[in-house]
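Coordinate inspection notes
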Amino acid sequence: MILIVDDNPDNIYSLQKLLESKNFKVDTAHSGEEALKKILKYNYALIILDVQMPDMDGFEVAENIAGFSKTKETPIIFLSAVNTDKRFITKGYDSGGLDYVTKPVDPDILMLKVKTFYRLYEQTQALKDIQQTLEMEVERRKQAQSELRSKVDYLHTLLESLPQIAFTCDHLGNIGFVNGRWFQFSDSENTFPQTHPDDRSITAELQESLESGKPLEMEVRVKKRDESGYSYQLLRVWPILENGENNWVGTFTDIDAQKKAEKEKDEFLSIASHELKTPLTSIKAYMQLLDRKLSLDKSCAEAKYVGRVQDQVEKLNSLITDLLDLSKIDNGKLGINKKVFSLERMVQNAIDSIVQTHDQSNMELYRRGDISGLMVYGDEIRLEQVLVNFLTNAYKYAAGTEKVIVDCSVMTDVVKVSVIDFGIGIPENKLSEVFEKFYRVEETSFDFQGLGIGLYICSEIIRSHQGTIGVESSAGKGATFYFTLPLNLPTDAK
Ligand code: ADP
């Protein structure tokens, strides 16, 4: 809006009409005092100020305007009929005005000046707006930075308070922060602790994680600075998404004592199962001798007792064999002797031995799928052990039901052998765990004897045949345990 200040209403009228004809908004004041009141109250883009006014002349008004911070930058055009000489024009500029037009006013010249000042005013306004936005942005960033700093401080305090070694690194793997415990293992905050020569390299593993964005978890032996020995640590490095970029937080947890205890347990299991196996083999042999020597009538009580002892010895034998296998797996010594063999023969042998050992059971064993003539490559004895294990479990966990099915199906490049029972089944949320070492389904573990290692051994055997092992089941709905074997025979065995 433009303010016209003039004591002469005719001058105001003609000027107002001229400006309004060019679409400018106009306000008016008839005296210096009225003008000052309005200027303090409203914002004007331009003031057209008559110099010659009673009481307070235009120069005084301009001086006052220059004194208020709100208005000091508002452009002023002085209008005067008389004071045309240079002295007055200079005074006009001194008092804060920006231009000077003498009467009679040439409308075209005045309009040119008004337009120029108006544009200037708009540009200044726009600049001010930009400046304000920039100031707000700077403020916002300062705030965000200080929030980030306090978050980082919080994280560092947290990491410092941990009983583990902790560190952070950026998406390139450059270490940022390390807590005090770090220096038990490394003498520089920029390098990872020294690892055992036989272990995987931390930086290589970390690099893979950084590239894939997946967390890293690895057991690694690292060297303590004050000792010559290495200590087992569990290294975990997790990504934290921050400002669209992954930063990483890592910890080393001391698992040395746990590892030692595990090793001692494995050694104990290995020694115990070996030591138990020898007398048991003698007991088994002497029981067979005794059985033959006595040649008892099958229906007499003594024959039954001898039979029961032999059954129990057999159970004990298979438990000890499982324990021995377990310690062989732990030591990487589970021997697998692969040859080409008839899968049908292996399946039938497993079925025969299970039917023989479960002759008291009323369960019917059915077969589905024709695999006659199918040759596979693998360790026949170990694979028979897997099938016998599936079948033993089926007889155990589906005791009292009517049937169990052995299904063999040949697919494009694999053969699948499944054992289907209709027993107690396994809750779906436990399925992924049944192949883990020592895992037993909690709900049923009290009702059935077992160590929870049979399926673990099976999975290791199948893994060493590049096959797959799995189970489909739900609680109370029976279970289907299966394994698959690749059908491609080695070229020299075809
Ligand atoms: P276990 O000696 O306990 O039978 P396994 O390793 O053979 O050990 O089996 C692990 C667990 O899986 C068992 O304790 C049992 O809870 C569950 N399981 C295995 N087979 C079956 C099955 N056919 N039906 C229901 N549960 C089963």
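All values derive from a computational prediction rather than experimental measurement. (Residues numbered from 1 in each chain as written. Predicted model: local features only at pLDDT ≥ 70, side-chain atom pairs only at ≥ 80, totals over all residues. Heavy atoms only, no water.)

Before going further, it helps to examine the overall build of the protein. Each helix and strand counted, the protein has 12 helices and 17 strands in total. In the protein, once contacts between residues fewer than 6 apart in sequence are set aside, the share between residues at least 24 apart is 61%. Just so you have it, the protein exposes about 29,200 Å², and 52% of that area is on carbon and sulfur atoms. Of the side chains in the protein, 58 bear a positive and 76 a negative charge, and the two mean positions are spaced by 3 Å. (Helix = DSSP H or I, 4+ residues; strand = E, 2+ residues; numbered from the N terminus. Contact = heavy atoms within 4.5 Å. Areas by Shrake-Rupley, 256 points an atom, 1.4 Å probe, with all protein chains shown as cover. Lys, Arg positive; Asp, Glu negative; His and termini not counted. Charge placed at Lys NZ, Arg CZ, Asp CG, Glu CD.)

Looking now at the sheet that holds strand 12 (residues 364-368). With mixed pairing, the five strands of this open sheet are ordered in space as 12-14-15-17-16. Sheet topology places strand 12 and strand 16 (468-473) at the edges, where each strand pairs with a single neighbour. Neighbouring strand axes in the sheet, compared pairwise and without regard to direction, differ in orientation by 15° on average. For strand 16 and strand 17 (residues 479-486), the ladder comprises six bridges, and the chain directions are antiparallel. Within strand 17, the position partnered with Thr 468 by the bridge is Thr 484. (Pairing = 2+ DSSP bridges. Axes fitted to C-alpha atoms, helices over the stretch in contact; angles between N-to-C directions.)

Segmentation of the protein into domains returns domain 1 (2-128), domain 2 (162-254), domain 3 (259-330) and domain 4 (339-493). If you average the C-alpha positions of domain 1 and of domain 3, the two centres end up 115 Å apart. (Domains from an automatic or database assignment.)

Examined against the element boundaries, Ser 273 turns out to sit in helix 7 (residues 256-294). For Ser 273, a relative accessible area of 1% gives the class buried. Excluding residues that lie within four positions of it along the chain, Ser 273 makes contacts with Ile 320, Leu 323 and Leu 324. (Buried < 20%, exposed > 50% of the residue type's maximum accessible area, 1.4 Å probe, protein only.)

Let us now look at the pattern of salt bridges. Across all of its chains, the model carries 21 salt bridges by this definition. The partner of Lys 38 in a salt bridge is Asp 27, with the nearest N and O atoms 3.0 Å apart. Remark: Asp 27 occurs in strand 2 (residues 26-29) and Lys 38 occurs in helix 2 (residues 32-41); sequence separation between them is 11 residues. Exposure class is identical for Lys 38 and Asp 27. Each is buried. With a closest N to O distance of 3.9 Å, Lys 263 and Glu 267 form a salt bridge. In this pair, Lys 263 and Glu 267 both sit in helix 7, four residues apart, roughly one turn of the helix. Lys 263 gets classed as exposed once you look at its relative accessible area, which sits at 55%. Each of Asp 27, Glu 34 and Lys 38 takes part in a single network of salt bridges with overlapping partners. (Salt bridge = Lys/Arg side-chain N within 4 Å of Asp/Glu carboxyl O.)

Taken together, the buried positions of helix 2 are occupied by Gly 32, Ala 35, Leu 36, Lys 38 and Ile 39. Down the axis of helix 2, the smallest arc covering the buried residues is 170°, so these residues share one side. Exposed side of helix 2, more than 90 degrees from the buried face: Lys 37 and Lys 41 are the residues found there. In this fold, the buried residues of helix 2 make contact with strand 1 (2-5), strand 2, strand 3 (46-50) and helix 3 (58-67). (Arc of directions from axis to C-beta.)

On the basis of which strands lie adjacent, the open sheet formed by five strands has the order 2-1-3-4-5 and parallel pairing. Looking at which strands have only one partner, the edges of the open sheet turn out to be strand 2 and strand 5 (99-102). Pairs of neighbouring strands in the sheet enclose a mean axial angle of 20°, with direction left out of account. In the sheet, strand 4 (residues 76-80) pairs with strand 5 via four bridges, with the strands oriented parallel. Residue pairing for strand 5: Leu 79 is matched across the bridge by Val 101.

A word on the packing of aromatic side chains. One pass over the structure, following the stated rule, counts 13 aromatic pairs. Ring plane angle 55° and centroid distance 5.3 Å describe the contact between Phe 59 and Phe 78, whose orientation is recorded as tilted. Here the residue Phe 59 occupies a position in helix 3, and Phe 78 occupies one in strand 4, the gap between them amounting to 19 residues. Judged on exposure class, the residue Phe 59 and its partner Phe 78 are both buried. Between Phe 167 and Phe 192, the aromatic rings sit 5.3 Å apart at their centres with planes inclined by 85°, giving edge-to-face as the arrangement. Linking Phe 167 in strand 6 (residues 165-169) with Phe 192 in the loop between strand 7 (175-178) and helix 6 (202-212), this pair joins segments that are 25 residues apart in sequence. For the pair shown, Phe 167 and Phe 192 are each scored as buried. (Phe/Tyr/Trp six-rings, centres within 6.5 Å; stacked < 30°, edge-to-face > 60°.)

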